[in-house]
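Each chain, written out:
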Amino acid sequence: MKVVNLKQAILQAWKERWSDYQWAINMKKFFPKGATWDILNLAEALLEQAMIGPSPNPLILSYLKYAISSQFDDFSRDLCVQALLDIMDMFCDRLSCHGKAEECIGLCRSLLSALHWLLRCTAASAERLREGLEAGTPAAGEKQLAMCLQRLEKTLSSTKNRALLHIAKLEEASSWTAIEHSLLKLGEILASLSNPQLRSQAEQCGTLIRSIPTMLAVHSEQLHKTGYPTVHAVVLLEGTMNLTGETQPLVEQLMMVKRMQHIPTPLFVLEIWKACFVGLIESPEGTEELKWTAFTFLKIPQVLVKLKKYCHGDKDFTEDVNCAFEFLLKLTPLLDKADQRCNCDCTKFLLQECSKQGLLSEASVTNLMAKRAADREHAPQLKSGENANIQPNPGLILRAEPTVTNILKTMDADHSKSPEGLLGVLGHMLSGKSLDLLLAAAAATGKLKSFARKFINLNEFTTHGNEELAKAASVRALLFDISFLMLCHVAQTYGSEVILSESSSGAQVPFFETWMQTCMPEEGKILNPDHPCFWPDSTKVESLVALLNNSSEMKLVQMKWHEACLSISAAILEILNAWENGVLAFESIQKITDNIKGKVCSLAVCAVAWLVAHVRMLGLDEREKSLQMIRQLAGPLYSENTLQFYNERVVIMSSILEHMCADVLQQTATQIKFPSTGVDTMPYWNLLPPKRPIKEVLTDIFGKVLEKGWVDSRSIHIFDTLLHMGGVYWFCNNLIKELLKETRKEHTLRAVELLYSIFCLDMQQVTLVLLGHILPGLLTDSSKWHSLMDPPGTALAKLAVWCALSSYSSHKGQASSRQKKRHREDIEDYISLFPLDDMQPSKLMRLLSSNEEDANVLSSPTDRSMSSSLSASQLHTVNMRDPLNRVLANLFLLISSILGSRTAGPHTQFVQWFMEECVDCLEQGSRGSILQFMPFTTVSELVKVSAMSSPKVVLAITDLSLSLGRQVAAKAIAAL
């Protein structure tokens, strides 16, 4: 065809699909050097071609781009500018492309280029208007500016266009810089114009452009809710079971909940305070009460300091904290009850701590204190109930915190120089509740491990008894005994992980660590009474037996107490055998047990530790004498010839022995009376009702929690016990069954919030079970699909996403102490469940990789090389030996398979809910999130689902940090 004019050239280009290069070469005939564009002919041709299909071909946009980039910087030519603006008006809100991925990326770039031109054109029009106003001829400039702003508004009001521009910005950062520069220039010019309508329109356009880089980061907060049981339960769980845990994991977990549930900051902080006050009120008297006090007044202010960095600026956060306290002051019954329990004005102490940490201004603190004081005036029972002789725990805990620092400094000194002075310090620590106060303060401020390390070093120092005088020998014996008892108490109260040192090759393990790991009974730890640690050198055992049997009292000089502690088990066995065979009478046994506990209580602790392991191995009729010996060792010695601080040491010893014996006494249905300290030393022990199936207990306690709408400390301990007894799969599976039984929407949503917090007991293992076993089982078994219908199906999808996000964000860190100490079976070897070897893929992999019809969905060379299972995680070289990564990858393969199959049902609806929740919870940009495990081909399947066919969803589920991810997103959005 002979080309005779520009219009015909464009028609030919349309039919033959010229490239940009061919277009440029052919256009030279019509535009010799220096010639002017016949923009009106171009506009006519483009408009005519635009009418052929339902939306303009991307080629048209490339022609427009060519016109713009060639020479159209002369914005004074009104007709030419108007023609181009008319072309933009025709296509700017109905762009689409069904071509290759590269063409779709080209569309994004072209749109960015057109936006830049339009901004420059708008600025030029505004400049002309300003000049016209100065010259007294504003009409022409004003009309063109109005046209430019109208096209800008029309282009930017489309979410699809903004999504394409978002991709273009990531593709061409320099072009986006030019856009920002043009926007600034436009703002400066418009600031001098007096027309409010035009300025307002321009400001709206500017806001839309500036929102493009963060278009996924905006989530609407839940302003209609006032209670957030998940935050409440997470705080209660941490305060009840993990006081020693680092603050950072708790901060990240709380922020994850805040993001997932879109909680406004003031209500978020309020919920944290509410949980703290509830914890204080319901905590059992004694150690637990002190732990909660330390958690509330020392640890939570530190947590809030870190939360400040995540939420927003300092000023805004202090306003939010102030607002949270204003809300809290309205909960008068809660505050009154806490004040009554703690014997003080709790809010006052809390406000002072927040002020110290820079969380509140002085003016806010003064105002809030005055309001609370006025409220307390109306509650005379508070003042009359306060006992002036009892010092309130919050005050004691806050004073204990600097004392901990001073004790740590004292413990750093050379013990050999002034052992008597050190003994005096330790003696004061043992009196009353001083020790528990100091330990709680140390635990809440992250100093407990250091505290324990100092006492291990002290204990190690006292194991060497060289030539010494009697007084020095008694001081050394006391230092050994006090440090040993304190370490046992710390291990039982806060977990043995606090005691253990970081393993370093070649370093000698201290005596106490060795004894604790091999000989000390703990919950869930089975000891072997025949373990070599219980059987030292026989000559040392014989001399110890002789010493215990013959002497009226123990000799202290040159006594190696650690050797005595290791030898006592074998000595006790010999003494037991002699008693059972009639060689020793009961009176002799009494004398021996008095000798064991008469000087150093740690010998009695070591003896009982072995007896507990020994009793487990005996038949019912063989246990009597061993249990009788435990009874003899448990009571104090009533004698004047004891060492210093004996009564204080016996109190700690009794508590240690009670913890040690709890398991075996329950199993043997035996009772032993331990000296009472006035408080329950084991408040959360033996919570399960006897002779009742644990599944019944689980469903019953969950039903009660669901009815109440929040989890209390006692329930947390029951759930923890049930998790320990039944195992992770049993625990998770039965609770999910309870969730799927719910048919009322408000109940299912509440159940999700509560289940998530219950699963925090061991989130990593629960997530592996939920995503790796329970969900695949429900999605692949058609007989179970009915259980996935709304509302329980929606709730399960939400819960699964919350668990996946929480586990994935935290699994690179260390497990919390409460998870480490749980001894349980391995749920399954995930490496064998999902094999790595590509030659022997798992059953699920084989099932999914056979579906190759999706492989050609993207028809470019890049696209064709992409298998149906290729995901961003593979391009980021994520470690697929990690069980959680494997489970996530396989779950998303299953989701992809369901979306691609031709069978619809509740399971496909569930997948949609799952993906919607992923989008709702995620921050902008998917790199490093769980969605990186989703195959790229899933995107094209998802946009076919009406609820998921939005540009924002595509941007949210695609990894835009990757070039391939941007191509996939551009192709999916351009086709919408």
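An unreviewed UniProt entry annotates the chain as Mediator of RNA polymerase II transcription subunit 24 of Lynx canadensis. Annotation of the chain in UniProt includes, under Sequence similarities (unreviewed entry), the sentence "Belongs to the Mediator complex subunit 24 family."

A. Representation of the overall build of the chain in the model. Within the chain, the regular secondary structure consists of 47 helices and 0 strands. Of all intrachain contacts in the chain linking residues separated by at least 6 positions in sequence, the fraction that spans at least 24 positions is 79%. Roughly 41,500 Å² of accessible area belongs to the chain as shown, and the carbon and sulfur atoms make up 52% of that amount.

B. A look at the packing of helix 13 (residues 265–282) against helix 16 (residues 332–342). One can describe the packing of helix 13 onto helix 16 by two numbers: an axis separation of 9 Å at closest approach and a directional angle of 40°. When the interaxial angle is binned, helix 13 and helix 16 end up oblique. Every pair of crossing elements has a handedness; the one defined by helix 13 and helix 16 is left-handed. For the pair helix 13 and helix 16, the contacting residues are Lys274, Phe277, Val278, Leu280, Ile281 and Glu282 in the first and Leu334, Leu335, Lys337, Ala338, Arg341 and Cys342 in the second.

C. Region of the structure containing helix 18 (residues 362–377). Given a rise of 1.5 Å per residue, 16 residues ought to cover 22 Å, and the 23 Å separating the end C-alpha atoms of helix 18 matches this to within 8%. Listed in full, the buried residues belonging to helix 18 are Ser364, Val365, Leu368, Arg372 and Arg376. In a view along the axis of helix 18, the buried residues occupy a sector of 100°, so they form one face of it. Opposite the buried face of helix 18, by more than 90 degrees, sit the exposed residues Glu362, Ala363, Thr366 and Glu377.

D. Representation of the packing of aromatic side chains within the structure. Applying the stated criterion to the full structure yields 15 aromatic pairs. Measuring from ring centre to ring centre gives 6.3 Å for Phe484 and Phe511, while their planes differ by 25°; the resulting arrangement is stacked. Remark: Phe511 occurs in helix 25 (residues 511–519) and Phe484 occurs in helix 24 (residues 470–494); sequence separation between them is 27 residues. Under the relative-accessibility criterion, Phe484 is labelled buried at 0%. Take Phe511: its relative accessible area is 7%, and that puts it in the buried class. Ring geometry for Tyr808 and Phe933: centres 5.7 Å apart, planes at 85°, overall edge-to-face. With Tyr808 in helix 37 (residues 792–810) and Phe933 in the loop between helix 44 (906–921) and helix 45 (937–942), this pair connects stretches of sequence that are 125 residues apart.

E. Geometry of the nonpolar core. By size, the foremost hydrophobic cluster in this structure holds 313 residues, and its most contacted members are Trp515, Phe759 and Met915. Not counting residues up to four positions away in its chain, the partners in contact with Trp515 are Phe484, Cys488, Met520, Leu566, Val605, Cys606, Ala609 and Met660.

F. Seen up close, the pattern of salt bridges. Enumeration over the complete set of coordinates arrives at 23 salt bridges. For the salt bridge of Arg109 with Glu172, the shortest nitrogen-to-oxygen distance reads 3.2 Å. Note that Arg109 is positioned in helix 6 (residues 101–135) and Glu172 in the loop between helix 8 (159–171) and helix 9 (173–190), a separation of 63 residues in sequence. A salt bridge links Asp345 to Arg376; its shortest N-O distance comes to 3.9 Å. Linking Asp345 in the loop between helix 16 and helix 17 (346–356) with Arg376 in helix 18, this pair joins segments that are 31 residues apart in sequence. The exposure classification of Asp345 matches that of Arg376, with both residues buried.

G. Highlighting helix 44. With 16 residues, helix 44 extends 22 Å from end C-alpha to end C-alpha; this agrees with the ideal 22 Å at 1.5 Å per step. The element helix 44 is largely enclosed, with a buried count of 12 among its 16 residues. Residues His907, Thr908, Phe910, Val911, Gln912, Trp913, Phe914, Met915, Glu917, Cys918, Val919 and Cys921 constitute the buried set of helix 44. Elements in contact with the buried residues of helix 44: helix 12 (247–261), helix 36 (763–780), helix 37, helix 43 (883–900), helix 45 and helix 46 (951–957).

H. A look at the side chain of Asn322. Its place among the elements puts Asn322 in helix 15 (residues 314–329). You can call Asn322 buried: its relative accessible area is 18%. Once residues lying within four places of it in the same chain are set aside, the contact partners of Asn322 are Leu360, Ser364 and Leu368.

I. View of the environment of Cys354. Relative to the helices and strands, Cys354 is located in helix 17. Each C-alpha atom of the pair Cys354 and Thr318 lies 9.7 Å from the other, and the pair is 36 residues apart in sequence.

J. Fine view of the state of the cysteines. Scanning the model with the defined rule gives 0 disulfides in all. Lacking any disulfide linkage, Cys606 is separated from the closest cysteine sulfur, that of Cys565, by 3.6 Å. Assessed through its relative accessible area of 3%, Cys606 is described here as buried.

K. Region of the structure containing the packing of helix 37 against helix 43. It is the contact of helix 37 with helix 43, at a shortest axis distance of 11 Å, that shows an interaxial angle of 145°. Note on packing geometry: the crossing formed by helix 37 with helix 43 is left-handed. Along its contact with helix 37, which presents Ala804, Ser807 and Tyr808, the element helix 43 presents Leu884, Asn885 and Leu888. Within the contact of helix 37 with helix 43, the residues separate by chemical class into 4 nonpolar, 2 polar and no charged.

L. A look at unusual backbone geometry. Note that the residue after Asp790, namely Pro791, is joined by a cis bond; omega there is 10°. Locating Pro791 in the fold gives a position in the loop between helix 36 and helix 37. The backbone of His262 sits at a positive phi, close to 50°, despite the residue not being glycine. Take His262: it is sitting in the loop between helix 12 and helix 13. Judged by its relative accessible area of 10%, His262 is buried. The backbone of Phe645 shows a phi angle near 60°, a positive value even though the residue is not glycine. Tracing the backbone shows Phe645 in the loop between helix 30 (624–634) and helix 31 (646–667). A relative accessible area of 19% places Phe645 in the buried class.

M. Just the confidence of the model for the chain, in detail. When pLDDT is averaged along the chain, the result is 79; 77% of the residues meet or exceed 70. The element-level mean pLDDT for the chain is lowest in helix 41 (residues 861–864), coming to 36, with helix 34 (residues 728–741) highest at 94. For the stretch residues 834–866, pLDDT sits under 50, and the model shows 55 contacts to residues farther than four places along the chain or on other chains.

N. Highlighting the side chain of Thr748. Here Thr748 shows up in helix 35 (residues 745–759). Here the side chain of Thr748 touches Lys745 through a polar contact of 2.7 Å, landing on its backbone oxygen. With near-sequence residues (within four places) excluded, Thr748 lies in contact with Leu739, Glu742, Pro791, Pro792 and Ala795.

O. Highlighting the environment of Glu102. Inspection of the secondary structure assignment puts Glu102 in helix 6. Given a relative accessible area of 36%, Glu102 falls into the partly exposed group. For the pair Glu102 and Arg966, spaced 864 residues apart in sequence, the C-alpha separation works out to 10.0 Å.

P. Structural detail: the environment of Lys348. Mapped onto the elements, Lys348 comes out in helix 17. Classification of Lys348 by relative accessible area gives partly exposed; the value is 41%. Separated by 25 residues in sequence, Lys348 and Ala373 place their C-alpha atoms 8.8 Å apart.

About the thresholds
- Residues numbered from 1 in each chain as written.
- Predicted model: local features only at pLDDT ≥ 70, side-chain atom pairs only at ≥ 80, totals over all residues.
- Heavy atoms only, no water.
- UniProt positions renumbered as here; feature names shortened; annotations may be inferred.
- Helix = DSSP H or I, 4+ residues; strand = E, 2+ residues; numbered from the N terminus.
- Contact = heavy atoms within 4.5 Å.
- Areas by Shrake-Rupley, 256 points an atom, 1.4 Å probe, with all protein chains shown as cover.
- Axes fitted to C-alpha atoms, helices over the stretch in contact; angles between N-to-C directions.
- Parallel < 35°, antiparallel > 145°, perpendicular 65-115°, else oblique.
- Left-handed = near helix turned anticlockwise from the far one by under 90°.
- Expected span 1.5 Å × (residues − 1).
- Buried < 20%, exposed > 50% of the residue type's maximum accessible area, 1.4 Å probe, protein only.
- Arc of directions from axis to C-beta.
- Phe/Tyr/Trp six-rings, centres within 6.5 Å; stacked < 30°, edge-to-face > 60°.
- Core = buried A, V, L, I, M, F, W, Y, C linked by side-chain atoms within 4.5 Å.
- Salt bridge = Lys/Arg side-chain N within 4 Å of Asp/Glu carboxyl O.
- Disulfide = S-S within 2.5 Å.
- Nonpolar A, V, L, I, M, F, W, Y, C, P; charged D, E, K, R; others polar.
- pLDDT = per-residue confidence, 0-100.
- Polar contact = N/O pair within 3.5 Å; in protein donor to acceptor, adjacent residues only side chain to side chain.

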